[in-house]
Structures are given as C-alpha cells and as structure tokens.
Amino acid sequence: ETVAEDMETLRQILENLINLSFDQENLMNNLYDVKFNSPIYTQYMRDQSKLMDDSQIIEDSLFALSKRQPQIQSIINSEINDMNANMEKALSFMEERKTNEASEKQQFAMMSANNLALLLSEVLEQMQKQMKIAVKKKERFLLHLVEIL
C-alpha cells in the first residue's frame, strides 16, 4: 500500500512540476512582449514570485519523497537547488529590469523542473513495473495454493 501511495504522490508532484514548467515558460514568453517600464511588468514580477512559492510546495513534497527513495535524493536536491536559485535570480533581474538575463534564468529554472519531471516519470515507470511483477507473483502463489487445496 505504501508503494501505491508513493506512486500517487509521485503522479501529483509530476503534474505540479509540469504545470510549473509551463507557467514559467508562459511568463518568460510574456516578458519578451512587454516593455520593462510597462505597468504589466510589475504584475509579471508578482507572477514570478508566485511561481517561487509554488516551487516551495513542490520542494517540500520532493524532499519528503527523496527520504523514502534515497537513490534519487542527491539528484532531486541538486535540481531543486538549481531551480530555486534560477527563479530567485530571474526575479532579481526582473526587479532590475534586465529582461534578457531574467529570461535566461527562467529558462534554466524550466530546465531543472523538466529534469525533475523526467526523473520522476522514470521512477514512476519503474515502480509500476515492480508492482506488476509483485501482482503476478501473488497471483501465481494463490493459484498454486488453490491447486494444493
């Protein structure tokens, strides 16, 4: 049952990461289309800050998961640190009205989110395979038990 719970948690984190990446990409694209002295620019800064808050929720979930999956802990922590650092730098550059630099950091943040999503997708796939194998073994055992009785 714990495996099933971990799989559901993984699916939710994966969905949140994908949404975060898409939101970051949309914000990055919108940033290209606006002048830095436009009032909408400050809204985009608030949007970047909200994405950072959203990433914190993902980080907390990933940290809890990585404790139960030690083989991926260092990769997860590295990518999370990169993602957070780049999001923070993006916001800092936006505050300085350095749009090109901000966009570059947003792109790096998206790359880390995508790397995490890929890793989690692979882990989820492995868990699904292991679960299928376990179910088949249990079925064979039960069939064997029925034959004996």
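Quick summary incoming for the structure in this document.

About the cut-offs
Residues numbered from 1 in each chain as written. Predicted model: local features only at pLDDT ≥ 70, side-chain atom pairs only at ≥ 80, totals over all residues. Heavy atoms only, no water. Salt bridge = Lys/Arg side-chain N within 4 Å of Asp/Glu carboxyl O. Helix = DSSP H or I, 4+ residues; strand = E, 2+ residues; numbered from the N terminus. Buried < 20%, exposed > 50% of the residue type's maximum accessible area, 1.4 Å probe, protein only. Core = buried A, V, L, I, M, F, W, Y, C linked by side-chain atoms within 4.5 Å. Contact = heavy atoms within 4.5 Å.

### Comments concerning the pattern of salt bridges
Step number 1: Using the criterion set out here, one finds four salt bridges in the structure.
Step number 2: Glu8 is the salt-bridge partner of Arg11, the closest N and O atoms lying 3.4 Å from each other. With Arg11 and Glu8 both in helix H1 (residues 2-32), this residue pair falls three residues apart, about one helical turn.
Step number 3: Using a relative accessible area of 34% as the deciding quantity, one classes Arg11 as partly exposed.
Step number 4: Note that Lys129 is salt-bridged to Glu125, the shortest N-O span being 3.6 Å. Of this pair, Lys129 and Glu125 both sit in helix H4 (residues 99-148), four residues apart, which is roughly one turn of the helix.
Step number 5: The exposure class of Glu125 is partly exposed, given its relative accessible area of 42%.

### Details of the nonpolar core
Step number 1: Grouped together as the largest cluster of nonpolar side chains are 34 residues, with contacts concentrated most on Leu17, Leu62, Ile76 and Leu120.
Step number 2: Breaking this core down by element, the ones donating at least two residues are H1, helix H2 (39-68), helix H3 (73-95) and H4.
Step number 3: Those residues within four positions of Leu120 in sequence are excluded, and the remaining contacts are Leu10, Ile13, Leu14, Leu17, Leu62, Leu65 and Ile76.

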